[in-house]
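Residue-level listing of the chains:
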Amino acid sequence: MAELIVSGLVRAFGDVRAVDGVDFTVADGEFLTLLGPSGCGKSTTLAAIAGLDKPDAGRISLGGRDFFNATTGTFVPPERREIGLVFQSYALWPHLTVRQNLEFPLKLRRIGRAERARRIEESLGLVEMIPYADRYPHALSGGQQQRVALARTLVYRPGLLLLDEPLSNLDAKLRERARTWLRHLQSQVGVTTVYVTHDQSEALALSDRIAVMNGGRIVQLADPRTIYDRPSDAFIADFIGSSNFLSGTVLASDNGTVRVGLGERLELSAPSPRPLAPGTAVRVSVRPEQIGVVDPSAANGANVFPAEILERTFLGAHNTLEVRAGESRFRVECRKVPENDHIHVHIPESAGIVFPQAAGH
Amino acid sequence: MAIDALPAPAPMRTPRVDRGTAIQVLVTLTTLALVLFPILPVLYQAVLDKPLYDPAATISLSNFARLFDTPRLGDIVSNTAYFAILTTIIAQVIGVVTAVLVGRTDLPGRAFFGEMLLWPLFLSHLVIAFGWFTMYGPSGYVTLFVRGLIGGDPWNLYTVTGMAIAAGAAQAPLAYLYCIVATRNADPNLEDAARTVGASPLRILTTVTLPLMRPAILFGVIMNFVIAIEMLSIPLVFGGPLQIEVFTTYLYHEVFGQATPDYGLVAAASVGMLVLVVGLMVLQGRLMRNNQRFVTVGGKAARPRRFALGRWRWAAFAVLLAYVGLTIVLVLGGLVLRSFTVILSPLMPLWDVLTLDNYTLLGAYPVYMRSIWNTIIIATVGAAIGTALIALVAVVANRSPFRWRRQLEHLAVLPRAIPGFIAGIGIFYAMGLFPPLGWLRNTIGLLMIAYIMRYLPTGYGAVAPALAQLGGDLDRSARTVGADWWRTSRSIVLPLLTPALFSCYALLFIHFLKEYVTAVFLYAPGSEVIGTTMLQFWKNGDNGAVSALASVQILITVVFVTAARKILGVKIYG
């Protein structure tokens, strides 16, 4: 079956290792996203899978067939890989109509005229673009071009679908619609898919699994829920969603839970995947939407702190409060804005994640 | 999903060398052969003491020694330097002033002037030289007319200064072209910024606008200087009678003035000229390297604001009209008028001298008609072959994984540093050096090869920027859907380049039509072109026939340029 295996992939440009030992496997029919900031190596990895760029080391294979293998010197050129790549720019050929764009890959495969027409019809139907078959690309909107680009790659049934930030040129509203539609289409067609994006909400919404990349390496590879709730380091906690980082020192460590002292008076309990010695400098990440504003009557509970509101920002669906508790400043999300500047906030024990200071940045 | 799996992709053979690599190697070798074909023989002959077909020839530096012993060498060098410098100054001053007036002011009739000022670019220097000769020569129409008014010789075109004025006017359009492009691309915000800080329009012109045009001006200076050094026509027509020699006419007379030309001496002199031109090109490359300072970013659709000339508007209009009238309309119009007369002189009433005899003569002698047909065939077919080669070179150099693609690009623009004169001599020698190529001798095929080599950089310059505009994803996507490099080039890249290829064809056609310097050494009975025949008959004093031939060349040019613009929608020069 069409299982993609990438192992030990390295690509260096001069002294810079753009991809520095990347390993992952995408199961047949799975939707995997490479997510990371620009320059993290995700696009270089995608280009290597597509055969548009030749890596320096490692191995790439699809369904047991080597595309690239540094040890045997195998390098299959892109046109012999039978893969589909949707470009960020869509790359529709401007001198050909929509139909001719879809026809080109079929002609390359020597498909007969009648069969070509049937497949083009089917593919365009899938992306709901049949009425536009005889238009030229410049007469289509961005969203329509994106659909045609996808139809062009699906029309010859590639063994692997690669998507390079295909939604980034659409406006915000359209992007959300296209996202839902894309996910639906992928599960319908059932093609193994690798998706590249720097947009974390796209990654969270679309993927079966996400590989978060940074500095040419995969820093975490897991399903979206785990990536969001249990980021493996401070970089991911910061990159996915938005997090507050509270600096402190470990007071005590016990059974997967540590007590962290924030400044002189405040103490916070939070889970830690690894035991930490007392005195270790740490940062605790907490998502703003998980911090609650509580009634003063609960003031003496665990993980509850008195705080002062410094600024209130109205964002439509919710409000953001900039607050100060002791020496720490952080953001809190809430539906209703407290009238009084002096409030109490509660950080549930499960909400915080403790990272040793050195692991952050 | 309802779509059935496709049949397994056609079994792909894995040949040791795929067709893409084969084509890339072939294109590169062709270009290499084309460019080295004229250079190597010149270099070789320069260090041989006897003609290169002579088996007794041995390596020696005696040619260079003889070159330095040439009597009047000092005169030749100083004439050439004076001519080239003055030509460049005149061309640049006229070019920059006209470009600023047409491109940046509210001058009346800008569109008309913009069109007229470019026309000399389409015509051969030989035609322009004969035009000046007909109107401003010692017995030219205008000269005689003014002499009648003031009773003495008003000017003397048969001096180096006279030549430089004619050559400067002939080259001004090139300076104009570079500058007008620069004025179009200027970012209006830069001038607006100067205005907001309180600068007057004149101040803006001198402190912002002109400095931003500096790269274009520098580029034009070196181009025009090189062209002046390698110019044969004007020095030959005006310097001949009084034996004023510049470098090119000296070489010309060395080859054609002697019963047995001194091969070694000519080759040594050619090497000297080659070194000078290559040096200037390298200098140009150096000067243009730090251009980032002058690149104006932004200002997408905005056009620069025009300076108001105020009360100078109509004065500028009058000066420009007089310039265009005297150097373009009179020169070309006079030449055409001359072709319809027995003799053109203000002392004779025009209707007494009108005749069609000159054209009857063209029809009567086969050599005239043959040179016209040869010229048309070389321009039509040669430009097509040249465009095809240039398209392949551009695609290999810019859109292929070929290992030597950068070197191929350098190779393709190298002929810019080879004067046409030397290309001609080189190929002439090459025929002696490679006897198997003898069948090419005396055919227009040889001229086509020479012309294509010479104008490779011109055509490449028209195609490469268009290719750079074409997003790389367009070919990458073709590769991922299953097309190999050559199929991608053929079905995606080249079709998208069509407009640029049309422009390239039009440029080559015009250059091939007007080229004569390269042909001077290569033509033979049967392969004459308009330019060589004009020179031949000018030497015999057949001025009527010469002007008729020149008029035919002008006519072909006008028809072609108009048709190319109207029918193909080609942009030639801007």
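Predicted model, so just to flag it, every value in this text is computed and none were measured.

1. Quick look at the overall build of chain B
Part 1 of the argument: Broken down by element type, chain B carries 26 helices and 0 strands.
Part 2 of the argument: The globule rule puts the C-alpha radius of gyration for 574 residues at 25 Å, and the 26 Å found for chain B is close to it.
Part 3 of the argument: Reported as C-alpha extents along the three principal axes, the dimensions of chain B are approximately 95 × 75 × 50 Å.
Part 4 of the argument: Within chain B, buried positions represent 44% of all 574 residues.
Part 5 of the argument: Taking all contacts inside chain B whose residues are at least 6 apart in sequence as the whole, residues at least 24 apart take part in 79%.

2. Notes on the overall build of chain A
Part 1 of the argument: Helix and strand counts for chain A stand at 8 helices and 21 strands.
Part 2 of the argument: In terms of principal-axis extent, the alpha carbons of chain A reach across some 80 × 50 × 35 Å.
Part 3 of the argument: Here chain A, with 361 residues, has 41% of them falling under the buried criterion.

3. A word on the interface of chain A and chain B
Part 1 of the argument: Each partner contributes to the interface: chain A provides 27 residues, whereas chain B provides 23 residues.
Part 2 of the argument: Those elements giving two or more residues to the side of chain A that touches chain B turn out to be strand 7 (83-86), helix 2 (98-108), helix 3 (113-126) and helix 5 (172-189) of chain A.

4. Structural notes on the environment of H138 of chain A
All names here are of chain A.
Part 1 of the argument: Within the fold, H138 resides in the loop between helix 3 and helix 4 (142-154).
Part 2 of the argument: Look at H138 and you get exposed, because 8 C-beta atoms sit within 10 Å.
Part 3 of the argument: A C-alpha to C-alpha distance of 58 Å links H138 and L268, two positions 130 residues apart in sequence.

5. A closer look at the nonpolar core
Part 1 of the argument: By size, the foremost hydrophobic cluster in this structure holds 267 residues, and its most contacted members are A151 and L162 of chain A together with A166, C179, V393, L447 and V463 of chain B.
Part 2 of the argument: Here this core takes 17 residues from helix 7 (residues 160-185) of chain B, the largest share from any one element.
Part 3 of the argument: If sequence neighbours within four positions are ignored, C179 of chain B has contacts with G95, V96, A99, M213, A216, I217 and G220 of chain B.

6. Considerations on the sheet that holds strand 20 (residues 342-346) of chain A
Residue and element names in this part refer to chain A.
Part 1 of the argument: The sheet built from 5 strands is open, its strands ordered 16-20-17-18-19 with antiparallel pairing. Since the sheet does not close on itself, it has two edges, and those belong to strand 16 (292-294) and strand 19 (328-334), each with one partner. Averaged over neighbouring strand pairs, the angle between their axes works out to 50° when direction is ignored.
Part 2 of the argument: Where strand 16 lies against strand 20, 3 bridges are found, and the strand directions are antiparallel. Bridge assignment links V293 to a residue of strand 20, and that residue is V345.

7. Thoughts on the domain arrangement of chain B
All names here are of chain B.
Part 1 of the argument: Entries for chain B in the domain assignment read domain 1 (20-40 + 356-574) and domain 2 (84-244 + 308-354).
Part 2 of the argument: The gap between the C-alpha centroids of domain 1 and domain 2 is 27 Å.
Part 3 of the argument: Taken residue by residue, the interface counts 23 residues in domain 1 and 19 residues in domain 2.
Part 4 of the argument: For the side of domain 1 that touches domain 2, the secondary-structure elements that each account for two or more residues are helix 19 (420-433), helix 23 (498-514), helix 25 (530-539) and helix 26 (543-566).
Part 5 of the argument: Ranked by residue count, the leading element in the side of domain 1 that touches domain 2 is helix 26, at 10 residues.
Part 6 of the argument: Split into classes, the residues belonging to the side of domain 1 that touches domain 2 amount to 13 nonpolar, 9 polar and 1 charged.

8. So, the confidence of the model for chain B
Predicted coordinates in areas of low pLDDT are best not read in detail.
Residues and elements named next belong to chain B.
Part 1 of the argument: Residues of chain B with pLDDT of at least 70 account for 94%, and the chain-wide mean is 83.
Part 2 of the argument: Here residues 1-5 is modelled with pLDDT under 50, and outside its nearest four sequence neighbours on either side it reaches 7 contacts, counting other chains as well.
Part 3 of the argument: Low pLDDT (under 50) marks residues 295-301, which in the prediction has 11 contacts with non-local residues, meaning those over four places away or in another chain.
Part 4 of the argument: Here the prediction assigns the complex a pTM of 0.85, and the interface score ipTM is 0.82.

9. A short note on helix 22 (residues 485-496) of chain B
Residue and element names in this part refer to chain B.
Part 1 of the argument: Here helix 22 contains 12 residues, and its C-alpha end-to-end distance of 15 Å stays within 8% of the 16 Å for a straight helix at 1.5 Å per residue.
Part 2 of the argument: Looking at helix 22, one finds that the buried residues are W485, T488, S489, I492, V493 and L496. Buried residues along helix 22 cover an arc of 125° about the axis, so they all sit on one side.
Part 3 of the argument: Looking at the buried positions of helix 22, the neighbouring elements they touch are helix 1 (19-46), helix 17 (366-398) and helix 21 (472-480).

10. Quick look at unusual backbone geometry
Residues and elements named next belong to chain A.
Part 1 of the argument: A positive phi angle, near 55°, is found at E82, a position not held by glycine.
Part 2 of the argument: With respect to the helices and strands, the residue E82 is situated in the loop between strand 6 (74-75) and strand 7.
Part 3 of the argument: In this structure E82 comes out as buried when scored by C-beta crowding, with 23 C-beta atoms within 10 Å.
Part 4 of the argument: Positive phi, normally seen in glycine, also occurs at R110, with a value near 55°.

11. Some words on the domain arrangement of chain A
Residues and elements named next belong to chain A.
Part 1 of the argument: The domain boundaries assigned to chain A delineate domain 1 (4-238) and domain 2 (243-359).
Part 2 of the argument: Look at where the C-alpha atoms of domain 1 and domain 2 centre, and you get two points 39 Å apart.
Part 3 of the argument: At the junction of the two partners, domain 1 supplies 5 residues and domain 2 supplies 7 residues.
Part 4 of the argument: Counted by class, the side of domain 1 that touches domain 2 contains 3 nonpolar, no polar and 2 charged residues.

12. Observations concerning helix 26 of chain B
All names here are of chain B.
Part 1 of the argument: In a regular helix each residue adds 1.5 Å, so 24 residues correspond to 34 Å; helix 26 covers 34 Å between its end C-alpha atoms and thus fits that length.
Part 2 of the argument: For helix 26, the complete set of buried residues consists of G544, A545, V546, S547, A548, L549, A550, S551, Q553, I554, T557 and A564.
Part 3 of the argument: Next to the buried residues of helix 26 lie helix 5 (125-136), helix 14 (313-339), helix 16 (357-364), helix 17, helix 23 and helix 25.

13. Notes on the pairing of strand 15 (residues 281-286) of chain A
Residues and elements named next belong to chain A.
Part 1 of the argument: Taking burial as the measure, the 6 residues of strand 15 include 5 buried ones, the bulk of the element.
Part 2 of the argument: Relative to strand 15, strand 12 (residues 244-254) runs antiparallel, the two sharing 6 bridges. Bridged to L246 within strand 15 is V284.
Part 3 of the argument: Relative to strand 21 (residues 353-356), strand 15 runs antiparallel, the two being bridged by 4 bridges.

14. Section: the packing of helix 8 (residues 188-196) of chain B against helix 9 (residues 201-212) of chain B
All names here are of chain B.
Part 1 of the argument: Across the interface, helix 8 lies against helix 9 with an axial gap of 10 Å and an inter-helix angle of 160°. The pairing of helix 8 with helix 9 is recorded here as roughly antiparallel in orientation. Note on packing geometry: the crossing formed by helix 8 with helix 9 is right-handed. Between helix 8 and helix 9, the residues in contact are L190, E191, A194 and R195 and I204, T207, V208, T209 and L212, respectively.
Part 2 of the argument: Of the residues in the contact of helix 8 with helix 9, the class split is 5 nonpolar, 2 polar and 2 charged.

15. Here we look at the pairing of strand 12 of chain A
Every regular strand shows the same layout, with side chains that alternate between the two sheet faces.
Residues and elements named next belong to chain A.
Part 1 of the argument: Where strand 12 meets strand 13 (residues 257-262), 5 bridges bridge the pair, whose relative direction is antiparallel. Across the sheet, D254 pairs through a bridge with T257, a residue of strand 13.
Part 2 of the argument: The hairpin formed by strand 12 and strand 13 contains 2 residues between the paired strands, and N255 there has a positive phi angle of roughly 55°.

16. Here's the deal with the packing of helix 17 of chain B against helix 18 (residues 405-413) of chain B
All names here are of chain B.
Part 1 of the argument: Where helix 17 meets helix 18, the closest approach of the two axes is 8 Å, and the angle between their N-to-C directions is 145°. Between helix 17 and helix 18 the crossing geometry is left-handed. Every residue of helix 18 that contacts helix 17 at V393, V396 and A397 is listed here: R405, L408, E409 and A412.

17. Things to note about the sheet that holds strand 4 (residues 57-62) of chain A
Residue and element names in this part refer to chain A.
Part 1 of the argument: Strands sit in the order 2-1-4-5-6 across an open sheet of 5 strands; the sheet is antiparallel. Taken across any chain shown, the strands that pair with only one partner, and hence form the sheet edges, are strand 2 (16-26) and strand 6.
Part 2 of the argument: Direction of pairing for strand 1 (residues 4-13) relative to strand 4: antiparallel, over a ladder of 5 bridges. Within strand 4, the residue paired with S7 across the bridge is R59.
Part 3 of the argument: Strands in contact with helix 1 (residues 42-50) are strand 1, strand 2, strand 4 and strand 5 (65-69); relative to strand 1, the strand with the most contacts, it is inclined by about 115°.

Procedures and definitions
- Residues numbered from 1 in each chain as written.
- Chains lettered and ligands numbered in written order.
- Predicted model: local features only at pLDDT ≥ 70, side-chain atom pairs only at ≥ 80, totals over all residues.
- Helix = DSSP H or I, 4+ residues; strand = E, 2+ residues; numbered from the N terminus.
- Rg over C-alpha atoms; globule rule 2.2 N^0.38 Å.
- Buried ≥ 20, exposed ≤ 12 C-beta atoms within 10 Å, placed from the backbone.
- Contact = placed C-beta atoms within 7 Å.
- Core = buried A, V, L, I, M, F, W, Y, C linked by C-beta atoms within 7 Å.
- Pairing = 2+ DSSP bridges.
- Axes fitted to C-alpha atoms, helices over the stretch in contact; angles between N-to-C directions.
- Domains from an automatic or database assignment.
- Nonpolar A, V, L, I, M, F, W, Y, C, P; charged D, E, K, R; others polar.
- pLDDT = per-residue confidence, 0-100.
- Expected span 1.5 Å × (residues − 1).
- Arc of directions from axis to C-beta.
- Parallel < 35°, antiparallel > 145°, perpendicular 65-115°, else oblique.
- Left-handed = near helix turned anticlockwise from the far one by under 90°.

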